[in-house]
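Given next are the chains, with one letter for each unit.
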Amino acid sequence: MMKKNMLKIAAVMMSLSLLVACGNKNTSDSGALQENIAKLEEKIATLEADNAELVEENTALKAEIETLKSGNPEVPAEPVEEDEEELPVFGSEEDGNMVQVSTVVVKTDEPLLNKMKMMADELSEKFFQGLEMEAKEIRTIDGKEILVVDLKEGSGAAGEKSWIYDYFQGSTGGLVTETALTETFLQREYGGRWVEGVLFTIDGESIELDHVPNLKDVILR
């Protein structure tokens, strides 16, 4: 549109030049000539004004595009429910580095034990092939609030999976299991109210196996 306006302006100015040239050769019709010149000058002024508006509009549109590209905080974000929060569920790599495998969305004012139960279900499904774990209670041990999580042996798909034989075997397997369990339930980066530690059992009994030594005792946050 701006290019078209510039061409129009150029065309009008050429016409104006021709009129002036003709007027210099023939002064007998100077009144009509002056009238035509005035009309052309008026048309030029109108076109220049329109062109200036287009330039201003184009500049504003470019600025808006750059703002959207840069993710400027002035751009409205997607609405977030203020009474909900996301809690990460962690798995682990072979070297013991935790990796996020899922999240659970919970009500901010949800009872703490309920949040733990939801995380237990999600961790079971996403990382331990359906092997069950139950967030049983929050118990006071040595003056600290400790979550008790009971692992259910032989509870995987069709009873084919086992905590002991599939996840507590070998130093690498044990490390991966310890990391996923402890980091999910301890939520070390969470800033709200949380438990101060976690204790794992298997079918209600303490876990005393070589490759998961840390699961024997309370693990503090």
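Everything below is about the structure shown above.
Scope of this entry: the structure provided in the associated data block. This structure is a prediction, so every number in the text was calculated from the model and none was measured. (Residues numbered from 1 in each chain as written. Predicted model: local features only at pLDDT ≥ 70, side-chain atom pairs only at ≥ 80, totals over all residues. Heavy atoms only, no water.)

## A word on the overall build of the chain
- On a plain count of helices and strands, the chain comes out with 5 helices and 7 strands.
- Moving toward the C terminus, one meets the helices and strands of the chain in the order α-α-β-β-α-β-β-α-α-β-β-β.
- A burial count over the chain gives 33% of its 221 residues as buried.
- If you sum the accessible surface of the chain, you get close to 13900 Å²; carbon and sulfur atoms cover 51% of it. (Helix = DSSP H or I, 4+ residues; strand = E, 2+ residues; numbered from the N terminus. Buried < 20%, exposed > 50% of the residue type's maximum accessible area, 1.4 Å probe, protein only. Areas by Shrake-Rupley, 256 points an atom, 1.4 Å probe, with all protein chains shown as cover.)

## Some thoughts on the pairing of strand β2 (residues 98-107)
- Alignment of strand β1 (residues 84-92) against β2, held across 9 bridges, turns out to be antiparallel. Looking at β2, one finds that Phe90 is bridged to Gln100.
- With antiparallel pairing between neighbouring strands as the criterion, β1 and β2 make up a hairpin whose turn holds 5 residues, including Gly96 at a positive phi of roughly 90 degrees. (Pairing = 2+ DSSP bridges.)

## Digging into the packing of helix α3 (residues 112-127) against helix α5 (residues 171-186)
- For the pair α3 and α5, the least separation of the axes is 10 Å and the interaxial angle reads 150 degrees. Between α3 and α5, the angle is such that the two are roughly antiparallel. Relative to α5, α3 is oriented so that their crossing is right-handed. For the pair formed by α3 and α5, the contact residues are Met116, Met119, Ala120, Leu123 and Phe127 on the first element and Val176, Ala180, Leu181, Thr184 and Phe185 on the second.
- Taken together, the residues of the contact of α3 with α5 sort by class into 9 nonpolar, 1 polar and no charged. (Axes fitted to C-alpha atoms, helices over the stretch in contact; angles between N-to-C directions. Parallel < 35°, antiparallel > 145°, perpendicular 65-115°, else oblique. Left-handed = near helix turned anticlockwise from the far one by under 90°. Contact = heavy atoms within 4.5 Å. Nonpolar A, V, L, I, M, F, W, Y, C, P; charged D, E, K, R; others polar.)

## As for the packing of aromatic side chains
- Considering all chains together, one arrives at 7 aromatic pairs under this definition.
- Arranged with centres 6.2 Å apart and planes meeting at 35 degrees, the rings of Trp163 and Phe168 form a pair that is tilted.
- Assessed through its relative accessible area of 0%, Trp163 is described here as buried.
- Overall, the relative accessible area of 2% leaves Phe168 in the buried class.
- Each member of the aromatic cluster is reached from another via a ring pair, and the members are Phe127, Phe128, Trp163, Tyr167 and Phe168. (Phe/Tyr/Trp six-rings, centres within 6.5 Å; stacked < 30°, edge-to-face > 60°.)

## Topic: unusual backbone geometry
- Despite not being glycine, Gln129 shows a phi value in the positive range, around 50 degrees.
- You can see Gln129 is positioned in the loop between α3 and β3 (133-141).
- The backbone phi angle of Asp203 is positive, close to 50 degrees, even though this residue is not glycine.
- Relative to the assigned elements, Asp203 resides in the loop between β5 (197-202) and β6 (205-206).
- By relative accessible area, Asp203 is classed as partly exposed at 46%.

## A look at the nonpolar core
- With 35 residues, the main nonpolar core has Phe128, Met133, Leu151, Trp163, Leu181, Phe185 and Phe200 as its most contacted residues.
- In terms of residue count, α3 provides more of this core than any other element does, 6 residues in total.
- The contact partners of Phe128, leaving out residues within four places of it in the chain, are Leu123, Met133, Trp163, Tyr167, Thr177, Ala180 and Leu181. (Core = buried A, V, L, I, M, F, W, Y, C linked by side-chain atoms within 4.5 Å.)

## Regarding a negative patch on the surface
- Residues Asp50, Glu53, Glu56 and Glu57 make up a contiguous surface patch of negative charge.
- By the secondary structure assignment, Glu56 is in helix α2 (residues 30-70).
- With relative accessibility at 60%, the residue Glu56 sits in the exposed group. (Patch = residues over 30% accessible without salt bridge, like charges linked within 9 Å, V, L, I, M, F, W, Y side chains within 5 Å. Salt bridge = Lys/Arg side-chain N within 4 Å of Asp/Glu carboxyl O. Lys, Arg positive; Asp, Glu negative; His and termini not counted. Charge placed at Lys NZ, Arg CZ, Asp CG, Glu CD.)

## Section: α5
- The end-to-end C-alpha separation of α5 is 22 Å, in line with the 22 Å expected for 16 residues at 1.5 Å each.
- Most of α5 is tucked away, with 12 of its 16 residues classed as buried.
- Here α5 has its buried residues at Gly174, Val176, Thr177, Glu178, Thr179, Ala180, Leu181, Thr182, Glu183, Thr184, Phe185 and Leu186.
- Of the residues one or two after α5, Gln187 is the one with positive phi, at around 45 degrees. (Expected span 1.5 Å × (residues − 1).)

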